[in-house]
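# Descriptive analysis of the structure
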Amino acid sequence: MALMFFNGGAMRGEPLHHLLAGAPFVAEAKTAPKYRFYAVGDQCPALYPVSHGGAAVTGEVYDVPLDDLRDRVLPAEPHELELGVVELADGSSAFAMLLRRPYTSHVALRDITEVGDWRAFKASA
């Protein structure tokens, strides 16, 4: 099992939540304030680690079996994202999907760091 921070479509009530079927919900959480937050083509969120100018981002932590991560979660992620590790507000670490570095996609990025919450961004769009 692996702790995984989700901040988009796999959260409770979102369209990809079924990918986490059977994975225990651990907690609502925020990242440490070390990330820029982007909407990738206004379709999915992406975290990008920075040394300054970052903010905390809202999400949920699940204890995901590694087989499910490999077979269900990662194949559903867009190619603009890659698996990485983030620092949570409490100082602990969790896997998360990060903006691929270097970013080579033609899909437009919108900086939504000031919103810091995918659901709030979608509600305002």
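Reading the values: rules and limits
Residues numbered from 1 in each chain as written. Predicted model: local features only at pLDDT ≥ 70, side-chain atom pairs only at ≥ 80, totals over all residues. Heavy atoms only, no water. Helix = DSSP H or I, 4+ residues; strand = E, 2+ residues; numbered from the N terminus. Contact = heavy atoms within 4.5 Å. Areas by Shrake-Rupley, 256 points an atom, 1.4 Å probe, with all protein chains shown as cover. Lys, Arg positive; Asp, Glu negative; His and termini not counted. Charge placed at Lys NZ, Arg CZ, Asp CG, Glu CD. Phe/Tyr/Trp six-rings, centres within 6.5 Å; stacked < 30°, edge-to-face > 60°. Buried < 20%, exposed > 50% of the residue type's maximum accessible area, 1.4 Å probe, protein only. Arc of directions from axis to C-beta. Pairing = 2+ DSSP bridges.

## Topic: the overall build of the chain
- Assigned secondary structure in the chain consists of 2 helices and 8 strands.
- Helices and strands in the chain line up, N terminus first, as β-β-β-β-β-α-β-β-β-α.
- Projected onto its principal axes, the C-alpha positions of the chain cover 35 × 30 × 30 Å.
- Taking the contacts inside the chain whose residues are at least 6 apart along the sequence as the reference set, 66% of them involve residues at least 24 apart.
- Carbon and sulfur atoms form 55% of the exposed surface of the chain, whose accessible area is close to 6400 Å².
- Treating the 11 positive side-chain charges of the chain as one cloud and the 16 negative ones as another, the clouds have centres 2 Å apart.

## Here's the deal with the packing of aromatic side chains
- In this structure the tally under the stated criterion is 3 aromatic pairs.
- Taking the centre distance of 5.9 Å and the plane angle of 70° together, the rings of Phe6 and Tyr62 count as edge-to-face. Remark: Tyr62 occurs in strand E5 (residues 58–64) and Phe6 occurs in strand E1 (residues 2–6); sequence separation between them is 56 residues.
- Judged by centre distance (5.3 Å) and plane angle (35°), the rings of Trp118 and Phe121 are tilted. With Trp118 and Phe121 both in helix H2 (residues 118–124) and 3 residues apart, the pair spans about one turn of that helix. The burial state of Trp118 is the same as that of Phe121; both residues are buried.
- An aromatic cluster is defined as three or more aromatic residues linked by ring pairs; in this entry it consists of Phe6, Phe25 and Tyr62.

## Structural notes on the environment of Ala32
- Mapping Ala32 onto the fold places it in the loop between strand E2 (25–30) and strand E3 (35–40).
- Considered as a pair, Ala32 and Ala56 are 24 residues apart in the sequence and their alpha carbons are 5.3 Å apart.

## Remarks on helix H1 (residues 66–76)
- Within H1, the full set of buried residues consists of Asp68, Leu69 and Val73. On an axial view of H1, the arc spanned by its buried residues comes to 95°, and they lie on one face.
- In this fold, the buried residues of H1 make contact with E1, E5 and strand E6 (81–87).

## A short note on the pairing of E1
- With 4 of 5 residues buried, E1 is to be regarded as a mostly interior element.
- Pairing of E1 with E5, which is carried by 5 bridges, proceeds in the antiparallel orientation. Among the inter-strand pairings, Met4 is bridged to a residue of E5, identified as Tyr62.

## Here's the deal with unusual backbone geometry
- The step from Arg101 to Pro102 runs through a cis peptide bond, and the omega angle for that step is -5°.
- Along the chain, Pro102 falls in the loop between strand E7 (93–99) and strand E8 (109–111).
- Positioned with a positive phi, Asp42 is a non-glycine residue whose angle comes to about 55°.
- Tracing the backbone shows Asp42 in the loop between E3 and strand E4 (44–49).

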